[in-house]
Amino acid sequence: MTTLAPTPTAPRSGVSFGGILFSEWIKLMSLRSTIWCYSVLVFLTITLALLFGSTISVEGAQFDAAGEQALAVQAATLSVGISQLVIAVLGALVITGEYGTGMIRSTLTAVPTRLPALFGKVVVFGVVTFLISLASIVVAALLTAPLLAGNGIEADLSDPAYWSALVGAAGYLALSGIFATAIGTIVRSSAGAIAIVLGFILVIPTIVQVFALITMQEWIANLSAFLPSNAGSRMYAYVAESGATDPLGLGGLVLEPWQGALVLLTWIAGLLVLASVLLKRRDA
Amino acid sequence: MIEAVGLSKHYGATKAVDDITFTVQPGMVTGFLGPNGAGKSTTMRMIVGLDRPSAGQVTVNGKRYAEHRAPLREVGVLLDAKAVHTGRSAVNHLRAVAATHGIGRSRVDEVIALTGLQSVAKKRVGGFSLGMGQRLGLAAALLGDPSTLVLDEPVNGLDPEGVVWVRNLARHLASEGRTILLSSHLMSEMAQTADHIIVLGRGRIIANAPVADIVAMSTGTAVTVRTPDAAKLTSLATRDGVTVTATEPTLLVVNGLTAPQIGELAAKEGIVLHELTPTVGSLEDAYMQLTADDVEYRSNNGGF
């Protein structure tokens, strides 16, 4: 306790965005919840794809090439519907865990301008989630292709639309996580953020769909296409040259994958603007 | 140096901090005293930009905290509330905080050694005792080797050895020319550690002076008198500006007269004295008198 002076060789460095990214990387990787969530993601992606590939039977059904590709994409991305819940929970916890424990005070004392801390968090969590999702989806696709072939479905791995659907699935998972982080920053509570995000993914689309079916109003079906999870799920739809097909069978609007991504990105941008304003203004 | 000018924080109609102006000088330990709810913690949070002032401003070394390029190197802060994720180990917490400023692993290991956390550094913070949590908070505050330290209740939960360590650390850091602002409820501890005291009550500054001056504010040094003739001495001594309180049948506490005056009075009247002891006012006495009107949460001493 006698020596307090720092080693004189070290330069007196200040806050940098690179430093913030490294800090957020350390924070993300030093919690058990992160390791658990990503393990579940990898396990689900590969296991469900293998199950699908080994059990699917197309006897008696006739598929064209596009249909077979769509099935191959479905095999590799079958887990996305469940994985997005896992990633959404993790995305919320990334920020609400800091509010719940008080860590946010350390974070905002180290980065008192605040917004770089939020965006550092979003970048690190988004990139890590994207890369882990993409790796596990690609592994799932490669492992599943021979199983599908054994069941009469020949996936054409040289088809760019096939790969862009897989990349889209990983992108969708990363964006659903960031969506949850933005909600978490706004409401600052784990339970509240998770409830809202699950409501967006599971409850609201169902309610809108029921209304569309009851009323048979086309504008409600069209509205449904712009909900974050519905728009986002278009990111991993296999779209052959023949164009997109109507997934809900409601005769409503069908977004192209890039349009779906754009709609989801708009939602996230709006939420992040609100989150930024609140983060900047509120006492911590 | 910390400078607050017209600093205020209102929550609705409640004025947690009400237009306070003060300067915390470098090279000494400044103690922040006040009853619960007086605004000490709120003021400290405003210094490091966690709470936004309703009016006025506070600067550290001439700039608002958030305007510093390397805030952790200017100000180290220990807040009374927990500020650590319970699921993370102590060393990873410190590494994450250090990384924002490009502070390396060697400094992290230094502050771990300095605060005596080596044996628990790799354990998750959730299992820490209050004292260990305080040591981790102090380690984080020291990471940037800051020229100013803001410590809210730093000895809270520490064992006696830890209390002495914090006292010596604060004195040592002040002797190096740093600015130290610390709050404590332990008055005896504050008397030994601080050079200067700022007393807050209901969000306002009640006193802002060197420790010796604050102690001298303790009005009317008391004198303890033990005499078998307590009733007679009481009636003779009691007059304007003098109060005599009997704490036991033969023991009186006299305020407003000096020991020689009481001795001479007793000799003149032929009263036998068994004890005549002037008691010097303590910081605690001074504090209690200063804040008597400003205690927001008062315990009811049965019957009063």
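Residues numbered from 1 in each chain as written. Chains lettered and ligands numbered in written order. Predicted model: local features only at pLDDT ≥ 70, side-chain atom pairs only at ≥ 80, totals over all residues. Heavy atoms only, no water.

Engineer: Is there a simple way to think about the overall build of chain B in this case?
Structural biologist: The helix and strand inventory of chain B stands at 11 helices and 13 strands. For chain B, the spread of C-alpha atoms along the principal axes amounts to about 80 × 45 × 40 Å. Looking at the 304 residues of chain B, the share that counts as buried comes to 52%. For chain B, long-range pairs separated by at least 24 residues make up 68% of all intrachain contacts whose partners lie at least 6 apart in sequence. Positive and negative side-chain charges in chain B, numbering 28 and 29 respectively, have mean positions lying 11 Å apart. (Helix = DSSP H or I, 4+ residues; strand = E, 2+ residues; numbered from the N terminus. Buried < 20%, exposed > 50% of the residue type's maximum accessible area, 1.4 Å probe, protein only. Contact = heavy atoms within 4.5 Å. Lys, Arg positive; Asp, Glu negative; His and termini not counted. Charge placed at Lys NZ, Arg CZ, Asp CG, Glu CD.)

Engineer: How should I be thinking about the overall build of chain A in this particular structure?
Structural biologist: What chain A contains, in helices and strands, is 11 helices and zero strands. If you list the helices and strands of chain A from N to C, you get α-α-α-α-α-α-α-α-α-α-α. A principal-axis box enclosing the C-alpha atoms of chain A has dimensions of 80 × 45 × 30 Å. Looking at chain A as a whole, 50% of its 284 residues are labelled buried. Looking at chain A alone, contacts between residues at least 24 apart form 82% of all its contacts between residues at least 6 apart. Looking at chain A as shown, the accessible area adds up to about 12,500 Å², and 71% of this sits on carbon and sulfur atoms. (Areas by Shrake-Rupley, 256 points an atom, 1.4 Å probe, with all protein chains shown as cover.)

Engineer: Whenever I open this one, helix H3 (residues 65-76) of chain A confuses me. Can you help?
Structural biologist: Given 3.6 residues per turn, any residue in an α-helix points the same way as the ones three and four places further on. Residue and element names in this part refer to chain A. Here H3 spans 17 Å end to end across 12 residues, near enough to the 16 Å set by a 1.5 Å rise per residue. Those residues of H3 lying buried are Gly 67, Glu 68, Gln 69, Leu 71, Ala 72, Val 73, Ala 75 and Ala 76. Buried residues in H3 make contact with helix H2 (32-55), helix H6 (115-150) and helix H7 (160-187). (Expected span 1.5 Å × (residues − 1).)

Engineer: Please clarify how the sheet that holds strand S2 (residues 14-24) of chain B should be interpreted in this entry.
Structural biologist: Two strands in a sheet stick together by hydrogen bonds in their backbones, pointing the same way (parallel) or opposite ways (antiparallel). Residue and element names in this part refer to chain B. Here we have three strands laid out as an open sheet, ordered S2-S1-S4, and antiparallel in their pairing. Both outer strands of the open sheet, S2 and strand S4 (55-60), are each paired with one neighbouring strand and no more. Between one strand axis and the next, the sheet turns through 20° on average, direction left out of account. Inspection of the sheet shows strand S1 (residues 2-11) paired to S4 by five bridges, in the antiparallel sense. Counterpart to Glu 3 in the pairing with S4 is Thr 59. (Pairing = 2+ DSSP bridges. Axes fitted to C-alpha atoms, helices over the stretch in contact; angles between N-to-C directions.)

Engineer: What exactly am I supposed to notice about the pairing of strand S7 (residues 179-183) of chain B here?
Structural biologist: Residues and elements named next belong to chain B. Burial of S7 is extensive: five of the five residues sit out of reach of the surface. Side-chain alternation along S7 places Thr 179, Leu 181 and Ser 183 on one buried face and Ile 180 and Leu 182 on a second face that is also buried. The pairing of strand S3 (residues 28-33) with S7 spans five bridges and is classified as parallel. The partner of Gly 31 across the bridge, within S7, is Leu 182. Where strand S6 (residues 148-152) and S7 come together, five bridges link them in parallel fashion.

Engineer: Looking at this structure, I do not really get the sheet that holds strand S12 (residues 251-255) of chain B. What am I missing?
Structural biologist: Residue and element names in this part refer to chain B. An order of S11-S12-S10-S13 is seen for the four strands of this open sheet, with the pairing classed as antiparallel. Taken across any chain shown, the strands that pair with only one partner, and hence form the sheet edges, are strand S11 (243-248) and strand S13 (275-279). When the angles between neighbouring strand axes are averaged without regard to direction, this sheet yields 20°. Examined bridge by bridge, strand S10 (residues 222-226) and S13 share five bridges and lie antiparallel to one another.

Engineer: Even after reading the chapter, I still don't get the pairing of S2 of chain B, so can you show me in this structure?
Structural biologist: A regular strand places its side chains on the two faces of the sheet in alternate fashion. Residues and elements named next belong to chain B. Where S1 meets S2, seven bridges bridge the pair, whose relative direction is antiparallel. Across the sheet, the residue bridging to Ile 2 is Val 24, located in S2. Counting the residues between successive antiparallel strands, the hairpin from S1 to S2 contains two residues, one of them, Gly 12, with a positive phi of roughly 60°.

Engineer: Looking at this structure, how should I read the packing of aromatic side chains?
Structural biologist: What describes a pair of aromatic rings is the distance from one ring centre to the other and the angle between the planes of the rings. All names here are of chain A. For the structure on display, the rule yields six aromatic pairs over all chains. Geometrically, the ring pair formed by Tyr 162 and Trp 163 is edge-to-face, given 5.3 Å between the ring centres and 85° between the ring planes. By relative accessible area, Trp 163 is classed as partly exposed at 28%. Ring geometry for Phe 179 and Phe 200: centres 5.3 Å apart, planes at 85°, overall edge-to-face. (Phe/Tyr/Trp six-rings, centres within 6.5 Å; stacked < 30°, edge-to-face > 60°.)

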